[in-house]
Amino acid sequence: MSKIKIFFMLSGYQLTWLMCVFGEILYKSFLLGLICGLIFLFLAFTNSQNKWKFTFIVFSISVVGYLFDSILVHFKIYNFESSLYFGWLPIWMVVLWPSFASLFDEVFVFLSKYKLIALLLSAVLGPLTYYSGSPLGLIDINQLFLFLILMTTFWVFLMSFYLNYLLKVKFN
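Heads up: these notes are all about the structure in this document. Counting restarts for each chain: residues are numbered from 1 in the order of the written sequence. Given that the model is predicted, a residue must reach a pLDDT of at least 70 before its local features are reported, and side-chain atom pairs must reach 80 or more before they are shown or counted; all residues, however, enter totals for whole chains, interfaces and linings. Side-chain numbers here rest on the full set of heavy atoms in the structure, without hydrogens or water.

## Some details on the environment of Leu84
Per the convention used, a helix needs a DSSP run of H or I reaching at least four residues, while a strand needs a run of E reaching at least two, with both numbered from the N terminus. Mapped onto the secondary structure, Leu84 falls in the loop between strand E1 (78-80) and strand E2 (85-86). Along the chain, Leu84 and Asn142 lie 58 residues apart, while their C-alpha atoms are 21 Å from each other. Any two residues having at least one pair of non-hydrogen atoms within 4.5 Å are treated as being in contact. Ignoring anything within four residues of it in the chain, the contact list for Leu84 reads Phe30, Leu89, Pro90 and Ile91.

Below, the structure written as structure tokens:
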């Protein structure tokens, strides 16, 4: 994958995240994030090298992530402050998870050479991303210790799932 494409993929995801978060905080609206995320996903899909692989990876990671978040919100480990919900989560999570998962298709492939670093980064950055929503008033963490344990475990599992299973699936 070219460095330009990696830059655009990472920038597209970050823009989607920013629109989801700040659209909710500043405008009490999910529309900015939803529209930005749908455009990003459309562009990522149309520019992917293997559409089946892209769809499989995005679907696999998104479903696992959305279910994990839903379970933790259901059990009141944390909850989101949002203008509109889909199930237990803000509606913009419907595009945020697939937008993040799209990075696993081609951008995060290099992590397969650095598995330990990938697992450590996941263990730290995954929970930190959620925690960063707390001072912004987007997420209320009700049980911090349990939150940290479950989040760290989940993100290590998710990266392991990607490195040990999803990268090995053949799409010919």
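## A word on the environment of Ile71
Take Ile71: it is sitting in helix H3 (residues 51-74). For the pair formed by Ile71 and Leu89, sequence separation is 18 residues and the distance between their alpha carbons is 9.9 Å.

## Observations concerning the packing of helix H2 (residues 31-46) against H3
A fitted line through C-alpha atoms serves as each axis, taken over the contacting stretch for helices, and the angle formed by two N-to-C directions is quoted from 0 to 180°. Where H2 meets H3, the axes come as close as 9 Å, and the angle between the chain directions of the two elements is 140°. It follows from the interaxial angle that H2 and H3 lie oblique. In this structure, H2 uses Ala44, Phe45 and Thr46 to contact H3, whose residues at the interface are Lys51, Phe54 and Thr55. In what follows, roughly perpendicular refers to angles from 65 to 115 degrees, roughly parallel to angles under 35, roughly antiparallel to angles over 145, and oblique to any angle outside these ranges.

## Some remarks on the packing of aromatic side chains
Between two aromatic rings, the relevant description is the distance of the centres plus the angle of the planes. Each pair of aromatic rings taken from Phe, Tyr and Trp, with Trp reduced to its six-membered ring, is defined by centres within 6.5 Å and is described as stacked if the planes are under 30 degrees apart, edge-to-face if over 60, and tilted in the remaining cases. Under the counting rule described, the total for this entry stands at 21 aromatic pairs. Ring centres 5.4 Å apart and planes at 80° place the aromatic pair Phe154 and Trp155 in the edge-to-face group. In terms of burial, Phe154 and Trp155 fall into one category: buried. An angle of 15° between the planes, with centres 6.1 Å apart, marks the rings of Phe157 and Phe161 as stacked. Here Phe157 pairs with Phe161, and both are found in helix H7 (residues 144-164), just four residues apart, close to one helical turn. We call a charge positioned above a ring when the Lys NZ or Arg CZ atom is no farther than 6 Å from the ring centre and deviates by at most 35 degrees from the ring normal. The side chain of Lys51 reaches across the aromatic face of Phe45, ending 5.6 Å from its centre. Note on classification: 1.4 Å probe, protein chains only; a residue is buried when its accessible area is under 20% of the maximum for its type, exposed when over 50%, partly exposed between these limits.

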